Amino acid sequence: MLKRLQFSMATLFMLVLIAEPFLAQRPRRDYRNLEKVVLDELKATRTPGAVVAVVGGDRVIYAKGFGISNVETGAPVTPDMLFRVGSITKMLTATVLVSLSEEGRITLDTPVGDAVKGLGPRLSRLTAHQLLSHSAGIIDYAHTCCAQDESALATEVRAYKDADYFFTEPGRIFSYSNPSYNIAGYIIQELCGKLYADAMDQ
C-alpha cells in the first residue's frame, strides 16, 4: 500500500508539473478539477491527507491542504505542513547522476570505484546503472531515524560492509533497495565535491 501511495502521489506531482505550462496560458486558473483528482486519489488509497502545490517559474501559484494530518484529533492538513518525502527523492537522485554521466563525470556502466573512493571492494565494482535500477543485489532497509548532520551520508555509506549488504550477485534480479540510492547520493556528493543537499540544489 505504501509503495502504491508513493507511486500515486509521485505520479500526481509529475502530472501537476507537466500540466502547469498549459494552465499558465489561461487568464484565470481554475483548480477544481485538480482538487477533485486529489480527493478521489486520497479516497482510493485511503490516505488521510496531502498537500498539493503548483509551481510556475520560481514561485508557488497554488497550494492547498487536503484531508487531515492526525486521525485521532482530526487536525486538517495545511499547505505549510512538512511531510516525509520518502522515495520521491529517488527520481531526482537518478536525474542528477544521469546528468553527471552526460557531462562525462561518471560512466553509468563502469565500476563506480573508478570515479569515487571510500567504498568497499565489492561495492566499488557496482555500476551506477545497477544502483539506479535496483539490480545491484543489495539488501533493502530504511532507517526510522538516523543522523542528520552534514557528514551523515558519507559516514553511513563508508560504513557499509561488503559481506553484510549483498544477498545476490549484481545484475541478476530486480530488488528494491534504499541503500543503493544512499550510495548513489554519496557518488553525487563525491563527484560534485559538495554535500548531497547542495549538489541537488545546484
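Preceding block: the structure.
Reference entry: report on the structure contained in this document. Computed from a predicted model, the values in this text were never measured in an experiment.

Quick notes on the rules
- Residues numbered from 1 in each chain as written.
- Predicted model: local features only at pLDDT ≥ 70, side-chain atom pairs only at ≥ 80, totals over all residues.
- Heavy atoms only, no water.
- Helix = DSSP H or I, 4+ residues; strand = E, 2+ residues; numbered from the N terminus.
- Buried < 20%, exposed > 50% of the residue type's maximum accessible area, 1.4 Å probe, protein only.
- Contact = heavy atoms within 4.5 Å.
- Areas by Shrake-Rupley, 256 points an atom, 1.4 Å probe, with all protein chains shown as cover.
- Phe/Tyr/Trp six-rings, centres within 6.5 Å; stacked < 30°, edge-to-face > 60°.
- Lys NZ or Arg CZ within 6 Å of the ring centre and 35° of its normal.
- Pairing = 2+ DSSP bridges.
- Salt bridge = Lys/Arg side-chain N within 4 Å of Asp/Glu carboxyl O.

## Side note on the overall build of the protein
Consideration 1: For the protein, the count of helices and strands is nine helices and two strands.
Consideration 2: Reading the protein from its N terminus to its C terminus gives the helix and strand order α-α-β-β-α-α-α-α-α-α-α.
Consideration 3: Every one of the 202 residues in the protein was classed for burial, and the buried ones make up 37%.
Consideration 4: Across the protein, every contact between residues at least 6 apart in sequence was considered, and the portion connecting residues at least 24 apart equals 62%.
Consideration 5: As displayed, the protein has an accessible area near 12,400 Å², and 57% of this comes from carbon and sulfur atoms.

## Some remarks on unusual backbone geometry
Phi is mostly negative for residues that are not glycine, and the peptide bonds are mostly trans.
Consideration 1: The backbone of Arg-46 sits at a positive phi, close to 55°, despite the residue not being glycine.
Consideration 2: With respect to the element layout, Arg-46 can be found in the loop between α2 (32-45) and β1 (49-56).
Consideration 3: For Arg-46, a relative accessible area of 72% corresponds to the exposed category.
Consideration 4: The backbone phi angle of His-134 is positive, close to 55°, even though this residue is not glycine.

## A short note on the packing of aromatic side chains
Consideration 1: In total, this model carries three aromatic pairs according to the counting rule given.
Consideration 2: Residues Tyr-141 and Tyr-165 carry aromatic rings whose centres are separated by 6.2 Å and whose planes lie at 55° to one another, so their mutual orientation is tilted. Taken together, the positions of Tyr-141 in the loop between α5 (128-132) and α6 (152-158) and Tyr-165 in helix α7 (residues 162-165) put the pair 24 residues apart, joining distant regions of the chain.
Consideration 3: Each member of the aromatic cluster is reached from another via a ring pair, and the members are Tyr-141, Tyr-160 and Tyr-165.
Consideration 4: Lying across the ring of Phe-166, Arg-122 places its NZ or CZ 4.1 Å from the centre.

## Some words on the pairing of strand β2 (residues 59-67)
Consideration 1: Where β1 lies against β2, eight bridges are found, and the strand directions are antiparallel. Paired with Ala-50 across the strands is Phe-66, a residue of β2.
Consideration 2: The turn linking β1 back onto β2 is made up of two residues, and Gly-57 within it adopts a positive phi angle of 65°.

## As for the pattern of salt bridges
Consideration 1: Applying the stated rule across the entire model yields six salt bridges.
Consideration 2: Close ionic contact of Arg-32 with Asp-30 constitutes a salt bridge, the shortest N to O distance being 2.6 Å.

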